Amino acid sequence: MTNFDFKKLVDADYLLKTRDNDNVVIIDARGGMLEEGSLMYDKATVVDWTDISLLGEFGGEELGKLLSKDNYREIFNILGMKEDTEVLVYGFTMPNQGFGDEARVVYTFNYAGFDNVKIIDGGFDKVEQLGLNKNYNPENDRINVSNVVREEAQDNKKAIFTDELLSLVNSADVQIIDTRLEAEYNGRVIYGENKAGHIPGAISVPFNSLVEEDGFIKSREALEEYFVSKGLDKNKLQITYCTTGVRASYVAVILEELGYKVRNYEPSFARYANVGEVE
């Protein structure tokens, strides 16, 4: 059962309560990791993080940045979202699968001024158990944003980019949080970054360490204790990063809910590894 008291979190059974509500949009955030023919909730639309982000080459400054609010208005219209719509989003069930893509949707939609978006706690494993599934057909079930002319967000105050980040490394008022797996933090290259290791002084807080073995996000009390044990200080600015900003978004959303001041490094380590020193 859901442990974390968070207004942007519901359990899978909530889908049953809202199933016949025309003002509800369901997003399957597993996106490009979802294989054709895989099961998905029958009323969901598949959205990949790349569908709602600026695109560019891996390791470049553009990949992972948010789009303009005008772009998101176009995307919301494609999804059938209106001002009174409630959006429910699920991803893979962690800690064993997924990258926290569902929170990337929350992070992105909140930037665009849409706050009524909620994560389905426990991920698809819990959704699947409802028995209201169909087989995924990419042509019919994934959002098509090919006609959206993408522009970079101009007023994204919750993000940080490489030049500013480089100026803040080793600052006493800043804590940089590496949300990748511990193996990546300790020097294993999994996703093709140009260097191994981590940003100097970064604190390892793996994104999937925030969930229980059954897939539910840990309780507020457990998360508070965990972050304190990691040395996080609410009087400082926390900067989250991963490889391309997705896993970092997940940690950023939860940290912000617990009262931390957070900015997400959107191009993340894929970019940093090309321009900065590591340890």
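In this report, the structure presented in the accompanying data block is examined. Because the structure is predicted, anything quoted here is derived from the model rather than measured.

## A word on the overall build of the chain
- Check the secondary structure of the chain and you find ten helices and twelve strands.
- In terms of overall dimensions, the chain is globule-like: its C-alpha atoms have a radius of gyration of 18 Å, near the 19 Å expected for 279 residues.
- Overall, the C-alpha framework of the chain stretches about 50 × 40 × 35 Å when taken along its three principal axes.
- The burial tally for the chain puts 56% of its 279 residues in the buried class.
- The long-range share in the chain, meaning contacts at least 24 apart out of those at least 6 apart in sequence, stands at 77%.
- Per element, the accessible surface of the chain, about 12,100 Å² overall, is 43% carbon and sulfur.

## Thoughts on the pattern of salt bridges
- Counted according to the given criterion, the structure contains 16 salt bridges.
- The partner of aspartate 42 in a salt bridge is arginine 19, with the nearest N and O atoms 2.7 Å apart. In this pair, aspartate 42 is assigned in the loop between strand S3 (39–41) and strand S4 (44–46) and arginine 19 in the loop between helix H1 (14–18) and strand S2 (24–28), connecting sequence segments 23 residues apart.
- What makes aspartate 42 partly exposed here is its relative accessible area of 25%.

## Observations regarding unusual backbone geometry
- The omega torsion across methionine 94 and proline 95 is 10°, close enough to zero to call that bond cis.
- Here proline 95 lies in the loop between strand S5 (86–90) and helix H3 (101–111).
- Although it is not a glycine, asparagine 170 sits at a positive phi angle of roughly 80°.
- By the secondary structure assignment, asparagine 170 is in the loop between helix H6 (162–168) and strand S9 (174–178).
- With phi around 60°, serine 268 is a residue other than glycine that occupies positive phi space.
- In this structure, serine 268 sits in helix H10 (residues 268–275).

## Details of the sheet that holds strand S8 (residues 159–160)
- Across the sheet, five strands lie side by side as S8-S12-S11-S9-S10; this open sheet has parallel pairing. The open sheet has two edge strands with one neighbour each: S8 and strand S10 (203–204).
- Here four bridges tie strand S11 (residues 237–241) to strand S12 (residues 261–265), and the two strands are oriented parallel to one another. Bridging across to S12, threonine 240 finds its partner in asparagine 264.

## Some details on the pairing of S12
- Most of S12 is tucked away, with four of its five residues classed as buried.
- Note: S8 against S12, two bridges, orientation parallel. Bridge pairing in S12 places alanine 159 opposite asparagine 264.
- Read as a crossover between parallel neighbours, the route from S11 over helix H9 (residues 246–257) to S12 is right-handed.

## Description of the packing of H3 against H9
- One way to put it is that H3 packs onto H9 with a least axis distance of 7 Å and a crossing angle of 70°. If you check the angle between H3 and H9, you find them roughly perpendicular. Taken as a pair, H3 and H9 cross one another with a handedness that is left-handed. Residues Asp101, Glu102, Ala103, Arg104, Val106 and Tyr107 of H3 form the contact with H9, whose own contacting residues are Val246, Ser249, Tyr250 and Val253.

## Observations concerning the packing of aromatic side chains
- All told, the structure shown has 13 aromatic pairs when counted by the stated rule.
- A centroid spacing of 4.8 Å and a plane angle of 70° characterise the contact between phenylalanine 76 and phenylalanine 109, whose relative ring orientation is edge-to-face. With phenylalanine 76 in helix H2 (residues 69–79) and phenylalanine 109 in helix H3, this pair connects stretches of sequence that are 33 residues apart.
- A relative accessible area of 10% places phenylalanine 76 in the buried class.
- On the basis of relative accessible area, phenylalanine 109 is assigned to the buried category, the value being 0%.
- Here the aromatic residues Tyr72, Phe76, Phe109, Tyr111 and Phe114 are joined through ring pairs into a cluster of three or more.

## Here's the deal with helix H8 (residues 220–229)
- Among the residues of H8, Leu223, Tyr226 and Phe227 are the ones counted as buried. Here the buried residues of H8 occupy an arc of 95° about the axis, which is enough to place them on one side. Counted as exposed and oriented over 90 degrees from the buried face of H8: Glu221, Glu225, Val228 and Ser229.
- Buried-residue contacts for H8 involve H9.
- Directly after H8, the chain includes glycine 231, whose backbone phi takes a positive value near 85°.

So, how was this worked out
Residues numbered from 1 in each chain as written. Predicted model: local features only at pLDDT ≥ 70, side-chain atom pairs only at ≥ 80, totals over all residues. Heavy atoms only, no water. Helix = DSSP H or I, 4+ residues; strand = E, 2+ residues; numbered from the N terminus. Rg over C-alpha atoms; globule rule 2.2 N^0.38 Å. Buried < 20%, exposed > 50% of the residue type's maximum accessible area, 1.4 Å probe, protein only. Contact = heavy atoms within 4.5 Å. Areas by Shrake-Rupley, 256 points an atom, 1.4 Å probe, with all protein chains shown as cover. Salt bridge = Lys/Arg side-chain N within 4 Å of Asp/Glu carboxyl O. Pairing = 2+ DSSP bridges. Right-handed = clockwise from strand over helix to strand, strands pointing away. Axes fitted to C-alpha atoms, helices over the stretch in contact; angles between N-to-C directions. Parallel < 35°, antiparallel > 145°, perpendicular 65-115°, else oblique. Left-handed = near helix turned anticlockwise from the far one by under 90°. Phe/Tyr/Trp six-rings, centres within 6.5 Å; stacked < 30°, edge-to-face > 60°. Arc of directions from axis to C-beta.

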